[in-house]
Amino acid sequence: RGTVGMLAALRDPLVARALRHLHADPARHWTVDELAREAGSSRTVIAERFNAVLGKPPIEYLTGWRIQTAAERLRSSDDSLSQVAEAIGYDSEASFSRAFKRTM
């Protein structure tokens, strides 16, 4: 039916706009308020729509996206762990490691 998951998210204009912002700048220290403002919505509506189509809040989605991006970069580049952590928005290897362990 396509009402849940990434395809549904991409079909939802609001969630798709928000995803474009998150994917374009994953290292930004996003808040739900900032994301809602960038996507042209309210914090409540964007949180509800993410939960409805992706099954998780926006910041949880962002954490997963950062971890996926980092894992790919660690596999495909010679960048150090600290370089990758910084590039995806973590202030330290320790904070990145904690997020990685929570997510994976």
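First, a word on what this report is: a plain description of the structure on this page. (Residues numbered from 1 in each chain as written. Predicted model: local features only at pLDDT ≥ 70, side-chain atom pairs only at ≥ 80, totals over all residues. Heavy atoms only, no water.)

**Digging into the packing of aromatic side chains**
On inspection of all chains with the given rule, the structure shows 3 aromatic pairs. Seen in terms of ring centroids, F50 and Y61 are 6.2 Å apart; in terms of plane orientation they differ by 65 degrees. Their pairing is edge-to-face. Here the residue F50 occupies a position in helix α4 (residues 43-54), and Y61 occupies one in helix α5 (residues 58-76), the gap between them amounting to 11 residues. Taken as a pair, F50 and Y61 share a single burial class, namely buried. Each residue in the set Y90, F96 and F100 is aromatic and connected to the rest through ring pairs, giving one cluster. If you follow R28 out to its NZ or CZ, it ends over the ring of W30, 4.0 Å from the centre. The ring of Y90 carries R66 above its face, with NZ or CZ at 5.4 Å from the centroid. (Phe/Tyr/Trp six-rings, centres within 6.5 Å; stacked < 30°, edge-to-face > 60°. Helix = DSSP H or I, 4+ residues; strand = E, 2+ residues; numbered from the N terminus. Buried < 20%, exposed > 50% of the residue type's maximum accessible area, 1.4 Å probe, protein only. Lys NZ or Arg CZ within 6 Å of the ring centre and 35° of its normal.)

**Describing helix α7 (residues 93-103)**
All of the buried residues along α7 are S95, F96 and A99. The buried residues of α7 occupy an angular sector of 100 degrees when the element is viewed end-on, so they sit on one face. Residues R98 and K101 are exposed on α7 and point more than 90 degrees away from its buried face. Turning to α7, the residues buried within the fold contact α5 and α6 (81-87). (Arc of directions from axis to C-beta. Contact = heavy atoms within 4.5 Å.)

**Quick look at the environment of T63**
Its place among the elements puts T63 in helix α5. For T63, a relative accessible area of 17% puts it in the buried group. Separated by 34 residues in the primary sequence, T63 and H29 place their C-alpha atoms 11 Å from one another. Leaving out residues up to four positions away in the same chain, T63 has contacts with Y90 and T103.

**Some remarks on the pattern of salt bridges**
A side chain with one charge can pair with a side chain of the opposite charge if their charged atoms come near. Counted under the stated rule, the structure contains 5 salt bridges. For R49, the salt bridge goes to D12, with nearest N and O atoms at 2.8 Å. Separated by 37 residues along the polypeptide, R49 in helix α4 and D12 in the loop between α1 (6-11) and α2 (13-24) bring together distant segments of the chain. Owing to a relative accessible area of 30%, R49 belongs among the partly exposed residues under this scheme. (Salt bridge = Lys/Arg side-chain N within 4 Å of Asp/Glu carboxyl O.)

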